[in-house]
Amino acid sequence: MYTMASFSHAKPRSKKCSVPLTLFFMIKLFCVATLAATEPSISSACKATFYKAACESFLVSLKTTALPTTPQELFDLSVHYTLKQAHSALDLASVLSPSAHSNAQTHLAPTGAMSDCIELLDDTLDQLSNVINRKNNLIRSHSDVQTWLSAALTNQETCIESLQNIKISEEKGVMVSTARNLSHHISNSLAIYVSHYGTEDANNKFNPSSSGGRKLLSGSGFPSWVSASERKLLEAPLGEIKPQAVVAKDGSGTHKTIAEAIGVLGSLAAGGKNVIYIKAGTYKENLNFPTKQKNVMLVGDGKGKTVIVGSRNAADGSSTYESATVGAMGDGFMARGITFVNSAGPEKHQAVALRVGSDRSVIYQCSIEGYQDTLFTLSKRQFYRDTDIYGTVDFIFGNSAVVFQNCNIFARKPSSGSRNYVTAQGRTDPNQNTGISIHNCKIGAASDLSGSKITYLGRPWKKYSRTVIMQSYIDGSINPAGWYPWSGSFALSTLYYGEYMNSGPGASTSGRVHWPGYRGNIPAAAAETFTVGSFIDGNSWLPSTGVSFDSGLIG
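Along each chain, residue indices are assigned from 1 in the same order as the chain's sequence is written. With the structure being a predicted model, the display of local features is reserved for residues of pLDDT at least 70 and the display and counting of side-chain atom pairs for 80 or more, all residues being used for whole-chain, interface and lining totals. To get the side-chain values, all heavy atoms of the structure are used, and hydrogens and water are removed first.

Per an unreviewed UniProt entry, the recorded name for the protein chain is Pectinesterase, and the organism is Hevea brasiliensis. UniProt positions are given in the numbering used here, feature names are shortened, and annotations may be inferred rather than shown by experiment. Recorded in UniProt under Subcellular location (unreviewed entry), the annotation for the protein chain is "Secreted, Cell wall".

A.B. asks: Before we move on, can you summarise the packing of aromatic side chains with the specific residues and values?
C.D. replies: Two rings from Phe, Tyr or Trp (for Trp, the six-membered ring) form a pair when their centres are within 6.5 Å of each other. A pair whose planes differ by under 30 degrees is stacked, one over 60 is edge-to-face, and the rest are tilted. Across all of its chains, the model carries 16 aromatic pairs by this definition. Through pairs of rings, three or more aromatic residues link up here, namely Trp-483, Tyr-497, Trp-515 and Tyr-518. Here, a charge over a ring means that NZ of Lys or CZ of Arg falls within 6 Å of the ring centre while also lying within 35 degrees of the ring normal. We note Lys-249 situated over the ring of Tyr-283; from NZ or CZ to the ring centre the distance is 5.3 Å. In this arrangement the basic side chain of Arg-355 is found over the ring face of Tyr-321, its NZ or CZ atom lying 3.7 Å from the centre.

A.B. asks: Go over the state of the cysteines, please, and point to the residues and values.
C.D. replies: Count a disulfide wherever a pair of cysteine sulfur atoms falls within 2.5 Å. By the definition in use, this model includes two disulfides. Each sulfur of the disulfide joining Cys-46 and Cys-55 lies 2.1 Å from the other. On the S-S bond that ties Cys-46 to Cys-55, the torsion sits near -85°, and the link is left-handed. The exposure class of Cys-46 is buried, given its relative accessible area of 0%. Residue burial is assigned from relative accessible area. The probe radius is 1.4 Å, only protein chains are included, and a residue is buried under 20% of its type maximum, exposed over 50%, and partly exposed in between. What makes Cys-55 buried here is its relative accessible area of 2%. Between the sulfur atoms of Cys-117 and its disulfide partner Cys-159 the distance amounts to 2.1 Å. The S-S bond linking Cys-117 to Cys-159 shows a torsion near 90°; that makes this disulfide right-handed. Residue Cys-117 is located in helix α7 (residues 113-132), and its partner Cys-159 is located in helix α8 (residues 142-164); the two are separated by 42 residues in the primary sequence. As far as burial versus exposure is concerned, Cys-117 and Cys-159 are alike and both buried. Counting only cysteine sulfurs, Cys-407 is the nearest neighbor of Cys-366, a cysteine outside any disulfide, at a range of 9.9 Å. In this model Cys-407 remains outside any disulfide bridge; the closest cysteine sulfur is found in Cys-441, 4.6 Å from its own. Here a helix means four or more residues in a row that DSSP labels H or I, a strand means two or more in a row labelled E, and each is numbered from the N terminus.

A.B. asks: Lay out the sheet that holds strand β11 (residues 361-364) with the relevant residues and their values.
C.D. replies: Here, strands pair whenever DSSP counts at least two bridges between them. As summarised here, the arrangement of the eleven strands in space is β1-β2-β5-β8-β11-β14-β17-β20-β23-β25-β26, forming an open sheet in which the pairing is parallel. Two strands lie at the open edges of the sheet, namely β1 (245-247) and β26 (518-521), each paired on one side alone. Neighbour-to-neighbour, the strand axes of this sheet turn through a mean angle of 10°, independent of strand direction. In the sheet, β11 pairs with strand β14 (residues 381-385) via four bridges, with the strands oriented parallel. If you follow Ser-361 over to β14, its bridge partner there is Gln-382. On the sheet, helix α10 (residues 228-235) packs against β2 (274-278), β5 (296-300), β8 (334-336) and β11 and is oriented at approximately 30° with respect to β8. Only the stretch in contact is used when fitting a helix axis, every axis being a line fitted to C-alpha atoms; angles between N-to-C directions are given from 0 to 180 degrees. Contacts between residues were defined by any pair of non-hydrogen atoms, one from each residue, lying within 4.5 Å.

A.B. asks: Can you lay out the pairing of β2 for me, pointing to particular residues and giving the numbers?
C.D. replies: With five of five residues buried, β2 is to be regarded as a mostly interior element. Here β2 shows two buried faces, one formed by Asn-274, Ile-276 and Ile-278 and the other by Val-275 and Tyr-277. Direction of pairing for β1 relative to β2: parallel, over a ladder of three bridges. By the bridge assignment, Val-247 is partnered in β2 with Ile-278.

A.B. asks: Account for the environment of Gly-370, naming residues and giving values.
C.D. replies: Position of Gly-370 among the secondary structure elements: in the loop between β12 (367-369) and β13 (375-377). You can call Gly-370 buried: its relative accessible area is 0%. Measuring from C-alpha to C-alpha, the distance between Gly-370 and Val-341 comes to 5.9 Å, with 29 residues separating the pair along the chain. In contact with Gly-370, other than residues within four places in its own chain, are Asn-342, Tyr-390, Gly-391 and Arg-412.

A.B. asks: Can you lay out the sheet that holds strand β10 (residues 354-356) for me, pointing to particular residues and giving the numbers?
C.D. replies: In any sheet, the strands associate via hydrogen bonds between backbone groups, in a parallel or an antiparallel arrangement. The strand order across the open sheet built from seven strands is β4-β7-β10-β13-β16-β19-β22, with neighbouring strands paired in parallel fashion. A strand with exactly one partner marks an edge of an open sheet, and here the two such strands are β4 (287-289) and β22 (455-458). For this sheet, the mean inter-axis angle between neighbouring strands, taken without regard to orientation, is 15°. In this structure, strand β16 (residues 396-398) lies alongside strand β19 (residues 420-425), joined through three bridges in parallel fashion. Pairing of Ile-396 across the sheet is with Thr-423, part of β19.

This is how it looks when you write it as structure tokens:
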């Protein structure tokens, strides 16, 4: 944590970088480095950050002899600087792909890696703006800011992942470098924030009298960020729901396709939920809800009745991001009674059925079906209840803060010679408040998989991968080792994997891996930090949705 002394006014620089003008641009970077190295206050201001060079270049860019005097001032200046970098990155991406920006703003799924980056940069601007305007938005807890910065950082990693899949080109190299530079500045802003507020937030989180404190709710309640009206929408009989649009293949609704219904949402009055009721039927569509399209709720007639099917996949040229049958980036996205399917099959590699990058999103009584990369929990805070998830390789993956409760998680028969991995969590920075929490669920084999123990609970996709399985039933199809390495010793000492009070023939931890980062059976206090109330700040938003949830540990 910073002290006030760390932010004292800078002393006059003892060295100056004076060169002939004709040589200036050749050694500009050297000059910046020299100034930074001879400026003790710059070094102390950047102490908490992981990317010192990026931090020092930001401070030098202030063009003043007086550095920020408080941690809050340093943080605010850092975020403003990062926002400018994000605008520049978006401008660059738009120049490199002139047609992509307009496509990324529509309900149609993005096409191409550069479109992925543009949509993700649009979301990054939204997250950074949330941070800057946090006082006006009356944030509920410090976890809001941490969530927004964590998501902005994840967006850059996702952009780079998409770009890696395209052919080598000058444009690709420039965009990867730009996204990587932006990620460094976001990471530094996050580090500055956590170094100052981390302890304070941790203390408040478990204080029942504080605004961000844990509050035990009944088993019939949802996390508290769900309003009373949203609760009614999630649990009310279909006849009591008044949707803004009704989709029916037989023409009995207001639209015959979901895409048509989504297209009219922008003209609706602001406030509340924009509800689309999708009648029973199979809809072969790829849908996208961009960042600006918030508070959308899809209501179907139930699992297996209302079905949305796509088949985009990596083998046929789609990025993982754009392969999603349904993608939701706008905050407050909810779905109830719908089956989301990617039918590409196990041989087609990455093929997403549902991608969610929506904050305070709820998926309730749905089914999500695919093979590799079925459910992309991209970023922000998410809650899944009474939902079935089917897949093979890494079929729950991403870098959100997500809790699954009362869900059925089934591994399917993979392609020949392959293993199954239930999770592949993508935390890249230790300051991100992200991870996968599977609570009071059932994990096991689908009907087409029997015999061999080829399924593992997860593997570490990124360096700080974090997954916890608690009070769940694990059947005998899970390999006794439980977890599987990604590549060699990568992330084995930096990951966080834990289990707590699980049951079933696959729940024994006696044969589990012996990695430094594997915690085995974690204590109750540690498990509590991965519950709805603590991990996704659920008591502040889920009650308003009406979806059932358990705030803390059961029993």
